[in-house]
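Structural features, examined
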Amino acid sequence: MSVRQEYLDDYWKLRESYLSELKNDKELKKENRKRVAVYILRKLLWSFGFFPVFLTVWVPLLLSHFNLVVFSQQLIDLFNSFLSQSPNLQAATSESILIAWASIGCMFMVFDLVLTPYRSPFQEQADAYMKARYLMFSERLEKRKKEKGALHTTDQEVAEHDLRPVYVCEEDVDEEMISSSHISIGDSKKASAGPERNS
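What you see is a predicted model, and the numbers here were worked out from it, not measured in a lab.

For the rest of this paragraph, the subject is the overall build of the protein chain. Check the secondary structure of the protein chain and you find eight helices and zero strands. For the protein chain, the N- to C-terminal ordering of α and β elements is α-α-α-α-α-α-α-α. By the burial criterion, 26% of the 199 residues in the protein chain qualify as buried. When contacts within the protein chain are restricted to residue pairs at least 6 apart in sequence, long-range pairs at least 24 apart make up 80% of them. Accessible surface, the protein chain: about 13,800 Å² in total, of which carbon and sulfur atoms supply 61%.

Below, the structure written as C-alpha coordinates:
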(Lines give C-alpha, C1' and ligand atoms only; values in the text may rest on other atoms or scores of the structure.)
Protein backbone atom coordinates (compact mmCIF):
# COMPACT_ATOMS: atom_id res chain seq x y z
CA MET A 1 0.00 0.00 0.00
CA SER A 2 1.35 3.43 -0.97
CA VAL A 3 1.94 6.15 1.58
CA ARG A 4 -0.75 8.32 0.00
CA GLN A 5 -3.30 5.51 0.15
CA GLU A 6 -2.40 4.86 3.77
CA TYR A 7 -2.99 8.51 4.62
CA LEU A 8 -6.32 8.47 2.80
CA ASP A 9 -7.38 5.38 4.73
CA ASP A 10 -6.46 7.13 7.97
CA TYR A 11 -8.49 10.14 6.87
CA TRP A 12 -11.67 8.16 6.26
CA LYS A 13 -11.22 6.08 9.42
CA LEU A 14 -10.87 9.21 11.52
CA ARG A 15 -13.82 10.86 9.79
CA GLU A 16 -16.06 7.82 10.34
CA SER A 17 -14.97 7.66 13.97
CA TYR A 18 -15.88 11.31 14.49
CA LEU A 19 -19.22 10.80 12.73
CA SER A 20 -20.08 7.92 15.06
CA GLU A 21 -19.43 10.22 18.03
CA LEU A 22 -21.68 12.91 16.58
CA LYS A 23 -24.60 10.48 16.31
CA ASN A 24 -25.28 10.95 20.04
CA ASP A 25 -25.40 14.75 19.84
CA LYS A 26 -29.02 15.72 20.64
CA GLU A 27 -28.61 19.25 19.30
CA LEU A 28 -27.37 17.98 15.94
CA LYS A 29 -30.17 15.39 15.82
CA LYS A 30 -32.73 18.15 16.33
CA GLU A 31 -31.03 20.31 13.70
CA ASN A 32 -30.93 17.37 11.29
CA ARG A 33 -34.69 16.71 11.65
CA LYS A 34 -35.40 20.39 11.04
CA ARG A 35 -33.17 20.47 7.97
CA VAL A 36 -34.73 17.30 6.53
CA ALA A 37 -38.22 18.81 6.86
CA VAL A 38 -37.14 22.10 5.25
CA TYR A 39 -35.23 20.23 2.51
CA ILE A 40 -38.21 18.06 1.57
CA LEU A 41 -40.64 21.00 1.70
CA ARG A 42 -38.38 23.10 -0.52
CA LYS A 43 -38.03 20.29 -3.06
CA LEU A 44 -41.79 19.74 -3.15
CA LEU A 45 -42.51 23.45 -3.63
CA TRP A 46 -39.94 23.78 -6.39
CA SER A 47 -40.86 20.56 -8.19
CA PHE A 48 -44.65 20.58 -7.85
CA GLY A 49 -45.20 24.32 -7.44
CA PHE A 50 -42.79 26.49 -9.36
CA PHE A 51 -41.77 24.37 -12.36
CA PRO A 52 -45.26 23.17 -13.46
CA VAL A 53 -46.65 26.71 -13.16
CA PHE A 54 -43.64 28.12 -14.98
CA LEU A 55 -44.00 25.67 -17.87
CA THR A 56 -47.78 26.20 -17.98
CA VAL A 57 -47.23 29.91 -18.47
CA TRP A 58 -43.97 29.85 -20.42
CA VAL A 59 -44.93 27.41 -23.21
CA PRO A 60 -48.16 29.21 -24.26
CA LEU A 61 -46.37 32.56 -23.94
CA LEU A 62 -43.60 31.26 -26.17
CA LEU A 63 -46.12 29.96 -28.74
CA SER A 64 -47.84 33.34 -28.79
CA HIS A 65 -44.46 35.01 -29.46
CA PHE A 66 -44.67 36.85 -26.11
CA ASN A 67 -47.72 38.76 -27.23
CA LEU A 68 -49.74 39.27 -24.05
CA VAL A 69 -52.95 40.02 -25.93
CA VAL A 70 -52.78 36.78 -27.92
CA PHE A 71 -51.71 34.90 -24.78
CA SER A 72 -54.70 36.23 -22.80
CA GLN A 73 -57.10 35.43 -25.63
CA GLN A 74 -55.82 31.86 -25.82
CA LEU A 75 -56.34 31.38 -22.09
CA ILE A 76 -59.88 32.75 -22.30
CA ASP A 77 -60.69 30.45 -25.23
CA LEU A 78 -59.30 27.43 -23.36
CA PHE A 79 -61.30 28.31 -20.25
CA ASN A 80 -64.53 28.79 -22.24
CA SER A 81 -63.91 25.54 -24.09
CA PHE A 82 -63.47 23.73 -20.78
CA LEU A 83 -66.71 25.18 -19.39
CA SER A 84 -68.66 24.22 -22.51
CA GLN A 85 -67.68 20.56 -22.18
CA SER A 86 -69.86 17.91 -20.61
CA PRO A 87 -69.17 16.91 -16.97
CA ASN A 88 -67.53 13.67 -18.11
CA LEU A 89 -65.18 15.49 -20.47
CA GLN A 90 -64.40 18.07 -17.79
CA ALA A 91 -63.51 15.27 -15.37
CA ALA A 92 -61.31 13.59 -18.01
CA THR A 93 -59.59 16.89 -18.82
CA SER A 94 -58.99 17.63 -15.12
CA GLU A 95 -57.56 14.15 -14.63
CA SER A 96 -55.21 14.62 -17.60
CA ILE A 97 -54.04 17.95 -16.20
CA LEU A 98 -53.38 16.38 -12.79
CA ILE A 99 -51.44 13.51 -14.38
CA ALA A 100 -49.35 15.94 -16.43
CA TRP A 101 -48.78 18.09 -13.33
CA ALA A 102 -47.65 15.08 -11.27
CA SER A 103 -45.41 13.81 -14.08
CA ILE A 104 -43.64 17.15 -14.45
CA GLY A 105 -43.29 17.47 -10.68
CA CYS A 106 -41.85 13.97 -10.26
CA MET A 107 -39.40 14.50 -13.12
CA PHE A 108 -38.07 17.74 -11.65
CA MET A 109 -38.07 16.19 -8.16
CA VAL A 110 -35.78 13.38 -9.29
CA PHE A 111 -33.41 15.73 -11.10
CA ASP A 112 -33.35 18.11 -8.14
CA LEU A 113 -32.57 15.31 -5.67
CA VAL A 114 -29.73 14.06 -7.88
CA LEU A 115 -28.24 17.49 -8.53
CA THR A 116 -28.60 18.82 -4.97
CA PRO A 117 -28.54 15.86 -2.54
CA TYR A 118 -29.25 16.40 1.12
CA ARG A 119 -26.25 17.27 3.27
CA SER A 120 -26.73 16.61 6.97
CA PRO A 121 -25.20 18.74 9.75
CA PHE A 122 -23.31 15.62 10.82
CA GLN A 123 -21.44 15.59 7.51
CA GLU A 124 -20.77 19.33 7.69
CA GLN A 125 -19.35 19.04 11.19
CA ALA A 126 -17.21 16.07 10.16
CA ASP A 127 -15.83 18.03 7.19
CA ALA A 128 -15.12 21.01 9.43
CA TYR A 129 -13.41 18.76 11.95
CA MET A 130 -11.17 17.20 9.29
CA LYS A 131 -10.44 20.65 7.89
CA ALA A 132 -9.40 21.79 11.36
CA ARG A 133 -7.17 18.72 11.70
CA TYR A 134 -5.64 19.51 8.34
CA LEU A 135 -4.94 23.11 9.33
CA MET A 136 -3.46 21.99 12.63
CA PHE A 137 -1.28 19.48 10.81
CA SER A 138 -0.14 22.09 8.29
CA GLU A 139 0.79 24.59 11.03
CA ARG A 140 2.73 22.04 13.06
CA LEU A 141 4.46 20.69 9.99
CA GLU A 142 5.42 24.20 8.86
CA LYS A 143 6.76 24.94 12.32
CA ARG A 144 8.91 21.81 12.25
CA LYS A 145 10.25 22.74 8.82
CA LYS A 146 11.24 26.19 10.06
CA GLU A 147 12.90 24.77 13.18
CA LYS A 148 14.95 22.31 11.15
CA GLY A 149 15.54 24.72 8.29
CA ALA A 150 14.46 22.00 5.88
CA LEU A 151 12.79 22.71 2.57
CA HIS A 152 10.44 19.78 2.99
CA THR A 153 9.46 17.09 5.47
CA THR A 154 9.75 13.46 4.44
CA ASP A 155 7.03 10.87 4.90
CA GLN A 156 9.22 9.12 7.46
CA GLU A 157 9.40 12.27 9.59
CA VAL A 158 5.64 12.59 9.40
CA ALA A 159 5.17 8.98 10.46
CA GLU A 160 7.58 9.34 13.38
CA HIS A 161 5.50 12.17 14.84
CA ASP A 162 2.20 10.46 14.00
CA LEU A 163 0.87 13.36 11.93
CA ARG A 164 -1.48 12.50 9.13
CA PRO A 165 -2.07 14.98 6.31
CA VAL A 166 -5.51 15.28 4.78
CA TYR A 167 -5.59 15.08 1.01
CA VAL A 168 -9.33 15.45 0.70
CA CYS A 169 -11.04 18.53 2.22
CA GLU A 170 -14.32 20.24 1.55
CA GLU A 171 -13.62 23.60 -0.09
CA ASP A 172 -16.80 25.18 1.26
CA VAL A 173 -15.90 24.71 4.92
CA ASP A 174 -15.40 28.18 6.35
CA GLU A 175 -13.61 29.43 9.45
CA GLU A 176 -16.87 29.93 11.34
CA MET A 177 -17.75 26.28 10.93
CA ILE A 178 -14.29 25.23 12.03
CA SER A 179 -14.63 27.26 15.21
CA SER A 180 -18.08 25.79 15.87
CA SER A 181 -18.87 24.50 19.32
CA HIS A 182 -19.10 20.97 17.95
CA ILE A 183 -15.51 21.01 16.73
CA SER A 184 -13.05 19.49 19.15
CA ILE A 185 -9.60 18.38 18.13
CA GLY A 186 -8.48 17.41 21.59
CA ASP A 187 -7.24 19.18 24.70
CA SER A 188 -3.91 20.90 25.03
CA LYS A 189 -2.24 17.72 26.18
CA LYS A 190 -3.40 15.78 23.16
CA ALA A 191 -2.65 18.68 20.85
CA SER A 192 0.91 18.79 22.04
CA ALA A 193 1.29 15.05 21.73
CA GLY A 194 -0.33 14.89 18.30
CA PRO A 195 -3.46 13.13 16.99
CA GLU A 196 -4.00 9.49 17.82
CA ARG A 197 -2.90 7.06 15.21
CA ASN A 198 -5.55 5.25 13.21
CA SER A 199 -3.47 2.70 11.45
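Taking 1.5 Å per residue as the helical rise, helix H4 (residues 87-115) with its 29 residues ought to reach 42 Å, and the 42 Å between its terminal C-alpha atoms agrees with that figure. Every buried residue of H4 is accounted for by Gly105, Met109 and Asp112. On the buried face of H4, the contacting elements are helix H2 (26-63).

Glancing now at a positive patch on the surface. A grouping of Lys26, Lys29, Lys30, Arg33 and Lys34 is seen on the molecular surface, where their side chains present a positively charged patch. On the secondary structure map, lysine 29 appears in helix H2. On the accessibility criterion, lysine 29 (35% relative accessible area) is partly exposed.

On to the packing of aromatic side chains, then. According to the stated counting rule, one finds 10 aromatic pairs in the structure shown. With a centroid separation of 4.2 Å and an interplanar angle of 0 degrees, the aromatic rings of phenylalanine 51 and phenylalanine 108 are classed as stacked. Residue phenylalanine 51 is found in helix H2, and its partner phenylalanine 108 is found in helix H4; the two are separated by 57 residues along the sequence. Overall, phenylalanine 51 belongs to the partly exposed group, its relative accessible area being 21%. Relative accessible area serves as the criterion here: at 21%, phenylalanine 108 is assigned to the partly exposed category. Through a chain of ring-to-ring contacts, the aromatic side chains of Trp46, Phe50, Phe51, Phe54, Trp58, Phe66 and Phe108 assemble into a single cluster.

A general trend in soluble globular proteins is that nonpolar side chains are found buried together. Counting residues in hydrophobic clusters, the biggest one holds 10 residues: Tyr11, Leu14, Tyr18, Leu19, Leu22, Leu28, Phe122, Ala126, Tyr129 and Met130. Put simply, the parts of the chain that give this core at least two residues each are helix H1 (3-22) and helix H5 (121-148). Considering each element in turn, this core owes the most residues, five residues, to H1. Each residue touching alanine 126, except ones within four places of it in the same chain, is listed here: Arg15, Tyr18, Leu19 and Leu22.

For the rest of this paragraph, the subject is the environment of tryptophan 46. Along the chain, tryptophan 46 turns up in helix H2. Spatially, the C-alpha atom of tryptophan 46 lies 8.3 Å from that of glycine 105, the residues being 59 residues apart in sequence. Not counting the four nearest positions on each side in its chain, tryptophan 46 is found in contact with Phe51, Pro52 and Asp112.

Each value, and the rule that gives it
Residues numbered from 1 in each chain as written. Predicted model: local features only at pLDDT ≥ 70, side-chain atom pairs only at ≥ 80, totals over all residues. Heavy atoms only, no water. Helix = DSSP H or I, 4+ residues; strand = E, 2+ residues; numbered from the N terminus. Buried < 20%, exposed > 50% of the residue type's maximum accessible area, 1.4 Å probe, protein only. Contact = heavy atoms within 4.5 Å. Areas by Shrake-Rupley, 256 points an atom, 1.4 Å probe, with all protein chains shown as cover. Expected span 1.5 Å × (residues − 1). Patch = residues over 30% accessible without salt bridge, like charges linked within 9 Å, V, L, I, M, F, W, Y side chains within 5 Å. Salt bridge = Lys/Arg side-chain N within 4 Å of Asp/Glu carboxyl O. Lys, Arg positive; Asp, Glu negative; His and termini not counted. Charge placed at Lys NZ, Arg CZ, Asp CG, Glu CD. Phe/Tyr/Trp six-rings, centres within 6.5 Å; stacked < 30°, edge-to-face > 60°. Core = buried A, V, L, I, M, F, W, Y, C linked by side-chain atoms within 4.5 Å.

Function cannot be read off these values alone, since they describe shape.
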